[in-house]
Amino acid sequence: MANIDRRQFLKLCTASAAAVGLSQLWVPAIGEAYRKAAGGNPPIIWIQGSACNGCSTSLVNTVHPDMRELLSEIIDLSFHPGLSSGAGNLFIDGLYRIATENKGKFILVVEGAIPLAHKGALNTIGEDSSGKAVTLIDLLKNISGSARFIIAVGSCASFGGISAAEPNYAECVGLEKFIEVNKVINIPGCPPHPDWIVGTLAHLLLYGPPVLDDYGRPKMFYGGLIHNNCPRRQYFDNSIFAKNFGEDGCLLYLGCKGPLAHGDCPTRLWNSTSSWCVDVNAPCIGCTDPSFPDLTMPFYKRMPEIKGPGITSTADAIGIGLGVATAAGLGAHLAGNYFTGRIGPRKHKEEEDV
Ligand code: SF4
Ligand code: SF4
């Protein structure tokens, strides 16, 4: 198992959770493989911006591996605002020390959006030993250039998400609007599935950066549309739509954004492989999409741009094209979001398809 190659790894990552899950990777030998591959587990510095802490909570809920295995066998979580001890300037000084001692080696994980208003003062995270206030912006400017890899965890860090929703007085932006674009790996979701976080870290440690899609998301987790693997897809194809919650039928008319959202929720499943959104009669709200939430609201109303049956062959195009189509329908301000690049795709160099 320690000799698992990348193809096998990807196969395990993309397989149905019911058939085979990430759990098969997390035997003790794989921890050894990490250390060997990485020359010692590189430290992970996890910092938080404008966020609800939900992404960290999702990570803590990882099942295979569980959090104890993850921390003791696989990663070296050197700094986390909620899990590390320490306070005040000791906290900030410790963070800078870890970054300096591990220059070019550490993985920087950012949870939450970056508030730009008032020169970042709305996200002041502490003070240094001289008593000077340190903002998230200061911190990112000081340490992001020394990171080996940078990961944006959650939709806020990736694209702005809920934190950047209208009216966005704090002027929140996603990480890649603040840091050199192609360095950031986005793991969106509100929150992201723990496997998406742990699996991406695993790929980084074992094989380097995974193949990303146009929005910087690892294809091994975000390569398919929710809609294409939904167990209610037959209802959609036969134009059988639920009119009320709890009814059988496709949830399109109750607001489902599955035709535009990318992720493997229907096959990976959530909460220890027990269920997922549509499975519990809740429409997908498109939480992994750059258009979330401004363009995917109202959550429980049908989005007119998502057409009915008959679009199967072009379903994947909806996700990419929605920004333009919807922005045109919703007015100049949201259109501005697209054309200024907030929700638009980016170009990414691809090594090899999954
Ligand atoms: S619209 Fe939603 S409920 Fe209907 S098939 Fe697609 S993902 Fe499933
Ligand atoms: S089904 Fe949709 S709303 Fe639910 S977690 Fe997946 S992408 Fe997010």
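Quick summary incoming for the structure in this document. (Residues numbered from 1 in each chain as written. Chains lettered and ligands numbered in written order. Predicted model: local features only at pLDDT ≥ 70, side-chain atom pairs only at ≥ 80, totals over all residues.)

**With respect to the sheet that holds strand E7 (residues 149-153)**
Counted only if it meets this: In this analysis, strands are considered paired if DSSP registers two or more bridges between them. Secondary structure elements are defined from DSSP: runs of H or I of at least 4 residues count as helices, runs of E of at least 2 residues count as strands, and each element is numbered from the N terminus. As a rule, the C-alpha atoms of each element are fitted with a line to give its axis, helices using only the stretch in contact, and angles between N-to-C directions run from 0 to 180 degrees.
Judged by pairing direction, the sheet is parallel, and its five strands sit side by side in the order E2-E1-E3-E7-E9 without closing on themselves. Only two strands of the sheet have a single partner each, and these edge strands are strand E2 (76-79) and strand E9 (184-187). Strand after strand, the sheet turns through a mean of 30 degrees between neighbouring axes, direction not considered. Sheet analysis places E7 next to E9, joined by four bridges and oriented parallel. Within E9, the residue paired with Ala152 across the bridge is Asn186.

**Section: unusual backbone geometry**
Cis geometry is found at the peptide bond from Cys190 to Pro191, where omega equals 5 degrees. Note on placement: Pro191 falls in the loop between E9 and helix H8 (194-207). Phi angles above zero are rare outside glycine, and Asn281 is one such case at about 65 degrees. Take Asn281: it is sitting in the loop between helix H11 (265-268) and helix H12 (315-330).

**A look at the site of ligand 2**
What counts here: Here, nearness means that the C-beta atom of a residue, built from backbone geometry, sits within 6 Å of the molecule or strand in question. Polar here means any residue outside two lists: the nonpolar Ala, Val, Leu, Ile, Met, Phe, Trp, Tyr, Cys and Pro, and the charged Asp, Glu, Lys and Arg; Gly therefore counts as polar.
Neighbouring ligand 2 are Gly189, Ile226, Ala261, Gly263, Cys265, Trp276, Cys277, Cys284, Ile285, Cys287 and Thr288. Grouping the amino acids of the shell around ligand 2 by side-chain chemistry returns eight nonpolar, three polar and no charged.

**Quick word on the nonpolar core**
What counts here: Put simply, a nonpolar core is a cluster of buried Ala, Val, Leu, Ile, Met, Phe, Trp, Tyr and Cys residues tied together by C-beta atoms within 7 Å. Labels follow a simple rule on C-beta atoms placed from the backbone: if 20 or more others lie within 10 Å of a residue's own, it is buried; if 12 or fewer, it is exposed; otherwise it is partly exposed. Throughout, the edges of the domains are those of an automatic or database domain assignment. Contact between two residues is assigned whenever their backbone-derived C-beta positions fall within 7 Å.
Counting residues in hydrophobic clusters, the biggest one holds 81 residues, and the most contacted among them are Ile45, Ile107, Leu108, Val109, Ile151 and Val153. Two domains share this core, each providing at least three of its residues, namely domain 1 (6-221) and domain 2 (226-339). Apart from residues lying up to four places away in sequence, Ile45 is in contact with Ser78, Phe79, Leu95, Ile98, Ala99, Phe106, Leu108 and Val109.

**Examining the environment of Ile47**
Within the secondary structure, Ile47 is located in strand E1 (residues 43-48). The class of Ile47 is buried, set by 20 C-beta atoms lying within 10 Å. Separated by 78 residues in sequence, Ile47 and Ile125 have C-alpha atoms that sit 9.5 Å apart. Residue contacts for Ile47: discarding those within four places in its chain leaves Pro81, Val110 and Leu139.

**Thoughts on the site of ligand 1**
Taken together, 14 residues sit near ligand 1, with His227, Cys230, Cys250, Cys256 and Gly258 positioned nearest. Class assignment of the residues belonging to the shell around ligand 1 gives a composition of ten nonpolar, two polar and two charged.

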